[in-house]
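# Fold and geometry: a report
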Amino acid sequence: GSFTVAEAIAELVANCFDARVDDSPVEVHVQIKETEIWIIDKGKGMTKDDFPQRMRLAFKDPERTNSGKKIKGMYGLGLKTACASLGRLWGVYTKAAGEGETHHFELDLEEWSSRSGQKGSGWEHETVSKTSFSESPIDGQESGTAVYVRNLRGKDFFIGPVMEKLSKSYKPHLESEDKIWVNGNLLIPDEIEIREDSKVILDEKVGPENYHITGWLGVGSTSNDSSFGVNIYREGQLVEAWNKDW
């Protein structure tokens, strides 16, 4: 996927927002350690039946595509590519409300690559369901998902760039009641300083697809860097920063 560390973690956090329980606030904990990275939420989790399907590469979730729910991920690629860009071993613990069991999946990419040349069931990988796992951080929760990555591809992981990326990427979420912690630090939304008398509100439908564009434009209060242009968000996630095409 060629993600930076910050981009990969931001991609994993996107799944946490898609797992929102009804309209309740989302809480995400990111833990960056020397040997592993964790992303933990208290979302709706995955059921025993759904979990194996969602671990498939490029699984197009019919619930997501047909429900009309506004979501960030559609094709089941973000989690896998983000994890693979961070490290060579990754896994998921998940638990759905009312099931009472936690489900686990782990993939060692080096072991996986050793299966080259095998056919059929040689490429299958099992999920495991139990009432408790010794290292699962979600066993005590009603529901949720925890993703971990080990055998990290890099040695030095700095939390500063990750915090900056997340505060920019999920500014609309952080301005609501959603919360993200990075190594115990509660993030605040990225601030953009503008002249308030220049602010113009956007609420338009454009193009043949009738896309609904909302937001605002304004004149920045400073002019000493490249922080100008249009920040483009989709479903509350920054997809392009400081677009200058116009």
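Heads up: these notes are all about the structure in this document. Given the structure is predicted, the values throughout are model-derived calculations rather than measurements. (Residues numbered from 1 in each chain as written. Predicted model: local features only at pLDDT ≥ 70, side-chain atom pairs only at ≥ 80, totals over all residues. Heavy atoms only, no water.)

## Observations concerning the packing of aromatic side chains
Going by this rule: Pairs were defined over the aromatic rings of Phe, Tyr and Trp, the Trp ring being its six-membered one, requiring ring centres within 6.5 Å. Orientation was assigned from the angle between planes: stacked under 30 degrees, edge-to-face over 60, tilted for the rest. Look at NZ for Lys and CZ for Arg. If either is within 6 Å of the ring centre and within 35 degrees of the ring normal, a charge sits over the ring.
Under the counting rule described, the total for this entry stands at 6 aromatic pairs. An aromatic cluster is built from Trp 38, Tyr 93, Phe 133 and Tyr 148, whose rings are joined through pairwise contacts. Geometry around Trp 216 places Lys 199 over its ring, the cationic atom sitting 4.9 Å from the centre. Its guanidinium or amino end placed over the ring of Phe 228, Lys 244 lies 4.6 Å from that ring's centre, counting from NZ or CZ.

## Focus: the pattern of salt bridges
The test is simple: Salt bridges are counted wherever a side-chain nitrogen of Lys or Arg sits within 4 Å of a carboxyl oxygen of Asp or Glu. Where helices and strands are cited, they refer to DSSP runs of H or I of at least four residues and of E of at least two residues respectively, numbered from the N terminus.
This model, assessed by the stated rule, comprises 9 salt bridges. Asp 190 serves as the salt-bridge partner of Lys 168, at 3.5 Å between the closest nitrogen and oxygen. Here Lys 168, found in helix H6 (residues 159-169), pairs with Asp 190, found in the loop between strand E8 (185-186) and strand E9 (200-206); they are 22 residues apart in sequence, far enough to count as distant.

## A word on the side chain of Glu 36
Quick note on the threshold: Polar contact is the term for a pair of N or O atoms within 3.5 Å; when the atoms are in protein, one must be able to donate a hydrogen and the other to accept it, and sequence-neighboring residues count only if both atoms are side-chain atoms. By definition in these notes, contact holds between two residues if any of their heavy atoms fall within 4.5 Å.
In this fold, Glu 36 is placed in strand E2 (residues 36-41). A polar atom in the side chain of Glu 36 sits 2.7 Å from the side chain of Arg 150. For Glu 36, the residues in contact, after removing those within four places along its chain, are Gln 31, Val 149, Arg 150 and Leu 152.

## Looking at the environment of Leu 174
Rules: Relative accessibility thresholds used throughout: buried, under 20% of the residue-type maximum; exposed, over 50%; partly exposed, between the two (1.4 Å probe, protein chains only).
One can find Leu 174 in helix H7 (residues 171-174). Classification of Leu 174 as buried rests on a relative accessible area of 9%. As a C-alpha pair, Leu 174 and Pro 189 span 15 residues in sequence and 5.3 Å in three-dimensional space. If sequence neighbours within four positions are ignored, Leu 174 has contacts with Leu 166, Ser 167, Lys 179, Ile 180, Leu 187, Ile 188 and Pro 189.

## What about the nonpolar core?
In plain terms, the rule: Throughout, nonpolar core names a set of buried Ala, Val, Leu, Ile, Met, Phe, Trp, Tyr and Cys residues whose side chains join them through atoms within 4.5 Å.
Counting residues in each nonpolar core, the largest one holds 37 residues, and the members touching the most others are Ile 9, Val 13, Val 30, Trp 90, Leu 166 and Ile 180. At 9 residues, the largest contribution of residues to this core is made by helix H1 (residues 5-18). Not counting residues within four places of it along the chain, the set of residues in contact with Val 30 comprises Ile 9, Val 13, Trp 38, Ile 39, Leu 166, Ile 180, Trp 181, Val 182 and Asn 183. Core analysis: the second largest hydrophobic core is formed by 8 residues, Ile 40, Tyr 93, Ala 146 and Tyr 148 among them.

## A look at the sheet that holds strand E6 (residues 144-152)
Just so we agree on the cut-off: When DSSP finds two or more bridges between a pair of strands, those strands are recorded as paired. Geometry is summarised by axes, namely lines fitted to C-alpha atoms with helices restricted to the contacting stretch, and by angles between N-to-C directions that run from 0 to 180 degrees.
Pairing in this open sheet of 8 strands is mixed, and the strands run E5-E4-E3-E6-E2-E1-E7-E8 from one edge to the other. Where the open sheet ends on each side, the last strands, each with one partner, are strand E5 (128-130) and E8. Packed on one face of the sheet, H6 meets strand E1 (27-32), strand E7 (179-182) and E8 and runs near 170° to E7.

## Structural notes on unusual backbone geometry
The backbone of Asn 183 sits at a positive phi, close to 50°, despite the residue not being glycine. Counting through the fold element by element, Asn 183 comes out in the loop between E7 and E8. Look at Trp 242: it is not a glycine, yet its phi comes out positive at around 55°. Within the fold, Trp 242 resides in strand E12 (residues 237-243).

## Re the pairing of strand E11 (residues 230-234)
Direction of pairing for E11 relative to E12: antiparallel, over a ladder of 4 bridges. Bridging from a neighbouring strand, Arg 234 pairs with Gln 237 of E12. As consecutive antiparallel partners, E11 and E12 are separated by 2 residues, and within that stretch Glu 235 has a phi angle of approximately 50°, a positive value.

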